[in-house]
Amino acid sequence: MDFFTGIRPLLFSYVLINGILITLQTKEEVLLDMKATGGELGWLTWPLDQGDKLGWEVVQRTLNGSQFYTYSVCNVGEREQDNWLRTTFIQRRPSASRVFVELQFIVRDCNSFDGTSLTCKETFNLFTSESDADVGTTFRKGQFKKVATIAPDEITSKNELRINTETRVVENLSRKGFYLAFQDIGACIALLSVRVYYKTCPATVKSLASFPETVAGGENQALREVNGVCVDNAISEELPRIYCTVDGEWVVPVGQCQCKPGYEEVKDVCQECQAGFFKAATSSDKCEPCPANTQRQDSGALFCPCMYGFYRAPTDPPTGPCSGLPSAPRDLVATTTSAGKLLLTWSPPEDTGGRNDITYSIECQRCEGTACQPCGEKIRYEPASTGLTDTKVSVSELDAHLNYTFTVEAHSGVSLFMSDAEPRANKPPSTSALTTSLLYTDPPKITTMRLVERSSTSLSLSWDVSPRPRVQHRPIRYELTYCKKDDNLDVTTFIVLKQEKNFAQINDLAPGTAYLFRVQAFSSDGSAGGSSMEEQFETLLGEQSNSTAIIIAAVGGATMLFIVAMVLFVRRRKRNSHTRQGAEDTYFSSSEQLKPLKTYVDPHTYEDPNTAVLKFATEIHPSHITKQKVIGAGEFGEVYRGILKVPGRKEVAVAIKTLKPGYTEKQRQDFLSEASIMGQFSHQNIIRLEGVVTKCKDFFKHAMIVTEYMENGALDRYLRDHDGEFASFQLVGMLRGIAAGMKYLSDMSYVHRDLAARNILVNNTLECKVSDFGLSRVLEDDPEGTYTTSGGKIPIRWTAPEAIAYRKFTSASDVWSFGIVMWEVMAFGERPYWDMSNHEVMKAINEAFRLPAPMDCPSAVYQLMLQCWLQDRSKRPRFGDIVNLLDKLLRSPDSLKTIADFDPRVSIRLPSTSGSDGSPFRSVSEWLESIKMSQYSENFTCAGVVTMDQVLQMKNEDIKNIGVRLPGHLKRIAYSILGLKDQTSTLSVFAV
Ligand code: AMP
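On a predicted model such as this, the values are computed, not experimentally measured, just so you know. (Residues numbered from 1 in each chain as written. Predicted model: local features only at pLDDT ≥ 70, side-chain atom pairs only at ≥ 80, totals over all residues. Heavy atoms only, no water.)

## Concerning the overall build of the protein
When helices and strands are counted, the protein shows 20 helices and 52 strands. Every one of the 992 residues in the protein was classed for burial, and the buried ones make up 47%. By sequence separation, contacts in the protein at least 24 residues apart represent 66% of the contacts at least 6 residues apart. By element, 50% of the accessible surface of the protein is carried by carbon and sulfur atoms, the whole surface being about 49,900 Å². (Helix = DSSP H or I, 4+ residues; strand = E, 2+ residues; numbered from the N terminus. Buried < 20%, exposed > 50% of the residue type's maximum accessible area, 1.4 Å probe, protein only. Contact = heavy atoms within 4.5 Å. Areas by Shrake-Rupley, 256 points an atom, 1.4 Å probe, with all protein chains shown as cover.)

Below is the structure:
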């Protein structure tokens, strides 16, 4: 029977047209294309001669002048059909060990053959056979391996033609070529197209490194590592590398090439800097225009030298502008401030030479008549006479009645440089100075003060003054200040007496009491001279002395009591006003109470993301929130601990995420998207959203997301801070909580994509909750995120291979990440894969290595981790299975007693027999640091263990005796010593 018997010819034309219209995919290298051959295909059919039993037949059709060959077979009425159709020899390209076979075919519905279809089938088989040479017409069934049974998705009835397209992968090809064969076992089939191709990552230039075209996949490798070469005039510290995914996409480039000095990146090549531009270093920066006051250079310049008369200071970058010398300071003024002292002030130079490191120096000359000489060292300058950055200086210790000439000079970084490096003759006008002179009047100074006479109630004092007053400069008054010596600070009274003579009698003093005195003289022009030293004099003892002291003490005590009472009163008032303000607040709008949804709704499905926030989150009035303390930094702003007090509800501790000012609308939406997502969840192990602040008037200051407060913060940090302090069942309890939260999320079809211990929060009952939800955030905010070539960011060491290779993020990839979280938890917050680079991690995973068991990890828990890290994601356990298993382990604590094999050298990632550079540890502290046990350095030193030889002699008892008590720490140190004794340094990860 002919396949097309009874099928309308019109439809068949459609099939072919449709076939032609199917376009070739990009990045594919075609090895065989049945339709494109356009002539006789020469495929072998078997059995060769069947009499009137027909096997596969070639059918030639013409459409629009082109010829097409199709193969069909339709022996539905016959029993035991075994008809083979074999392609010609398909040459394999070296390294294309994995090819795709795309078939287009039609299968007739068995029911459309009334009564003749007893043995009718609706499938056929695809086989392949490898060979190093074309074997011509020799055909042996036994040499063919079955690839797949091909079944149609849609079968063709009499009236409706249905074309099926199926693609199968043929892997592990290694010989020079291969054949495909199609085995019919009694179906009615038309094979319209067979296309054999393999995928390649096309030759590309990424980060200035060129990578050759690379065949994707092969030998079960999802990712193929490819080395690149820096383009001309670019160099790289690290060999540039990249991965080619099975889908022909480049991901995760490593090792950036950068253009050499004098070159910049222009569209994937390094081009010489244009004339007038320069680039000094190997970097990704662009060439920069020659800076101010430099000479323009020809193309490819590494730097631009200074123009004549301009300089760079030694501290200036060779890439910066050059500057000239500053001009003179302006408006120099001298003002007398007090005896022997004057203040010089000036304005900065008009031309600073383009610099901001201007300093000033002062020179002083004293002149009598026309004879001037340097002032010498007696003169004091405050703050200094050179290196001044302020435009003023105070000059003291000046003598009266002399002419002083002060010269102020401006300097800059280049003038200093000039004086050292170039002959003065080359300098442009260099002295930048102004001169002023003044006749200085010296105010008098008090030199000595003495007690002339005393009684129980009075003291008589006199003092000397220098220089001795001349008639025209006589001091006209003195100020005598005194107080009781022992007065309480709060009640000290200074009494000031103004005197015209250098003598005073003070009466009405307390008997037997010490007083402190100080005198200051003022000259006729009002300028103040220096004060005398403070002097102490005591009145003679009298009868009233005791009672006076008691009264003073009583007054002091009462004052203190009064102050304390006032402080308490003010504080209470403040607190009262605060509570009142809270009680009066009435603003509170609440959205509909949300019950958990069955399926998570992506807030992006809402045209206006604000609608999603309104729907899923409760609006809170900002006055109900009190921020107490910053506890962390989120992507958008600080995270605070605080209190939420909604009227009529109990006060609760909350975490408040804020949006820092100056954000864009997109950032605002991203910020709020976390609330829209979190608001849809309601589970014990998912962080609970209390609400958002988006609507209040002052929204720009107050945008917030308010969640329940988790006292112990992020899980990774918490475990690191409590290393070794929890038993296995407590850690497994934490994991159970996380798994339950993840089960809830996966049941709601939410894929987290960034599950890691840093994104789990812990409360004060050690309950763990999943947090960090966001939309476009996919990892934008995660410091672990690494960019892929397609622009996304992926935290490589937490992410499943298929998610890295072709962004297949599913709950199964979340399960992989959960396995990593299990490892982080059991290793007390250790960094997965330690200090291996992302590149090394991907390579190791690709080569089927997995993290080894952490120390003391129950075997059952480690087995579960390994299950989560199965390459085939369909074989990984689901979160439901994980919760069940962890529950089981928790119910029978004995199940946690069997500990997984542990290799201390591997698991603690010690360079166990050596320091990081391969040499033995040089000191005990270096060794302790490498196993993160530095806190015990002192214990070792105090116990006299100061060399590594001594360390190697230590037994467990010794370690305990020097003060290492925590079991986890004890083990870590003991295991490390064990590893040190065994002088073999082994692999860094564990092969499965
Ligand atoms: P995130 O932006 O969510 O990564 O938060 C930044 C940091 O703030 C976290 O690492 C935690 O230390 C802290 N944090 C965030 N949410 C909470 C919370 N609900 N309770 C306690 N600390 C939190």
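## Looking at the site of the ligand
In the vicinity of the ligand there are 13 residues, among which Gly634, Lys657, Thr707, Glu708 and Met710 approach most closely. One nitrogen or oxygen atom from the side chain of Lys657 is found 2.5 Å from an oxygen atom belonging to the ligand. One nitrogen or oxygen atom from the side chain of Thr707 is found 3.2 Å from a nitrogen atom belonging to the ligand. Contact with the protein chains hides 82% of the accessible area of the ligand, taken as 480 Å² for the molecule alone. Those elements that place two or more of their residues in the shell around the ligand are strand S42 (625-633), strand S44 (652-658) and strand S46 (704-708). With three residues, the top contributor of residues to the shell around the ligand is S42. Its residues assigned to classes, the shell around the ligand shows eight nonpolar, three polar and two charged. (Near = heavy atom within 4 Å. Polar contact = N/O pair within 3.5 Å; in protein donor to acceptor, adjacent residues only side chain to side chain. Nonpolar A, V, L, I, M, F, W, Y, C, P; charged D, E, K, R; others polar.)

## Overview of the sheet that holds strand S14 (residues 209-211)
Judged by pairing direction, the sheet is antiparallel, and its three strands sit side by side in the order S13-S14-S17 without closing on themselves. In the strand order of this sheet, the two ends are held by strand S13 (204-206) and strand S17 (229-230), each with one partner. Where S14 meets S17, two bridges bridge the pair, whose relative direction is antiparallel. When the sheet's bridge partners are listed, Ala209 is paired in S17 with Cys230. (Pairing = 2+ DSSP bridges.)

## As for the UniProt feature "active site" (unreviewed entry) in the protein
This chain's UniProt record puts "active site" (unreviewed entry) on Asp754. Inspection of the secondary structure assignment puts Asp754 in the loop between helix H9 (728-747) and strand S47 (760-762). For Asp754, a relative accessible area of 1% puts it in the buried group. A distance of 3.3 Å separates the side chain of Asp754 from the side chain of Arg758, its partner in a polar contact. (UniProt positions renumbered as here; feature names shortened; annotations may be inferred.)

## Topic: empty space enclosed by the protein
Leftover empty space is mapped by rolling, across the atoms, a probe with the size of a water molecule. Evaluation of the coordinates by the stated rule reveals two cavities of 30 Å³ or more. What the largest cavity holds in volume is close to 100 Å³. Taken together, Leu223, Ile796, Arg797, Thr799, Pro801, Ile804, Trp816, Tyr833, Val841, Met842, Ile845 and Asn846 make up the full set of residues lining the largest cavity. Elements with a contribution of two residues or more to the lining of the largest cavity: helix H10 (801-806) and helix H12 (838-846). (1 Å grid on protein atoms, 1.4 Å probe; cavity = no way out; pocket = protein on both sides within 12 Å on 5 of 7 lines; lining within 4 Å. Points joined across faces, edges and corners; volume = space filled by probe spheres on them.)

## Examining the state of the cysteines
Across all of its chains, the model carries nine disulfides by this definition. Between the sulfur atoms of Cys273 and its disulfide mate Cys287 the distance is 2.1 Å. Its S-S torsion of about -75° marks the bond between Cys273 and Cys287 as left-handed, since a negative value means left-handed. Of this pair, Cys273 sits in the loop between strand S23 (269-272) and strand S24 (277-278) while Cys287 sits in the loop between S24 and strand S25 (288-289), and the two are 14 residues apart along the sequence. Here Cys306 engages in a disulfide with Cys322; their sulfurs sit 2.1 Å apart. An S-S torsion of about -85° defines the bridge between Cys306 and Cys322 as left-handed. Note that Cys306 is positioned in the loop between S25 and strand S26 (330-338) and Cys322 in the loop between S25 and S26, a separation of 16 residues in sequence. On the basis of relative accessibility, which here comes to 2%, the residue Cys322 falls in the buried class. (Disulfide = S-S within 2.5 Å.)

## Some words on the packing of aromatic side chains
Under the defined criterion, the tally for this structure stands at 29 aromatic pairs. The rings of Trp43, Tyr71, Phe105, Phe124 and Phe182 are connected pair by pair, giving a single aromatic cluster. The ring of Tyr640 carries the charged tip of Lys627 above its face, separated from the ring centre by 4.8 Å. (Phe/Tyr/Trp six-rings, centres within 6.5 Å; stacked < 30°, edge-to-face > 60°. Lys NZ or Arg CZ within 6 Å of the ring centre and 35° of its normal.)

## Examining the sheet that holds strand S38 (residues 503-506)
The strand order across the open sheet formed by three strands is S34-S35-S38, and the pairing between neighbours is antiparallel. The two strands at the open ends of the sheet, each matched to only one other strand, are strand S34 (445-454) and S38. Each neighbouring strand pair of the sheet contributes to a mean axis angle of 20°, computed without reference to strand direction. Summarising the sheet, S34 and strand S35 (residues 459-466) pair through seven bridges and their orientation is antiparallel. Following the sheet pairing, Ile446 is matched in S35 by Val465. (Axes fitted to C-alpha atoms, helices over the stretch in contact; angles between N-to-C directions.)

## A look at helix H5 (residues 609-616)
Those residues of H5 that sit buried are Pro609, Ala612, Val613 and Phe616. Looking straight down H5, one finds its buried side chains confined to an arc of 100°; they lie on one side. The inward-facing, buried residues of H5 contact helix H6 (665-678) and strand S45 (689-693). (Arc of directions from axis to C-beta.)

## Focus: the pattern of salt bridges
With the rule as written, the count across this model stands at 34 salt bridges. With a shortest N-O distance of 3.2 Å, Glu28 and Arg195 are connected by a salt bridge. Taken together, the residues Glu28 in strand S1 (residues 28-33) and Arg195 in strand S12 (residues 188-201) connect sequence positions 167 residues apart. Taking the relative accessible area as the measure of exposure, Glu28 reaches 11% and is therefore buried. (Salt bridge = Lys/Arg side-chain N within 4 Å of Asp/Glu carboxyl O.)

## Digging into the nonpolar core
Grouped together as the largest cluster of nonpolar side chains are 79 residues, with contacts concentrated most on Phe681, Leu715, Ile738, Phe773, Phe818 and Trp869. Looking at this core, the element that brings in the most residues is H9, giving 10 residues. Other than its neighbours up to four places away in sequence, Trp869 contacts Trp816, Gly819, Ile820, Trp823, Arg850, Leu851 and Tyr862. Core analysis: the second largest hydrophobic core is formed by 33 residues, Val107, Val170, Ala187 and Val215 among them. (Core = buried A, V, L, I, M, F, W, Y, C linked by side-chain atoms within 4.5 Å.)

## What about unusual backbone geometry?
Across the junction of Trp46 and Pro47, the peptide omega takes the value 0°, indicating a cis bond. Here Pro47 is to be found in the loop between strand S2 (44-46) and strand S3 (57-63). In this structure, Pro383 follows Glu382 across a cis peptide bond, with omega equal to 10°. Following the sequence through the fold, Pro383 ends up in the loop between strand S30 (380-382) and strand S31 (392-396). Of note, Asp772 is a non-glycine position whose phi angle comes to about 70°, a positive value. With respect to the helices, strands and loops of the structure, Asp772 is situated in the loop between strand S48 (768-770) and strand S49 (786-787).

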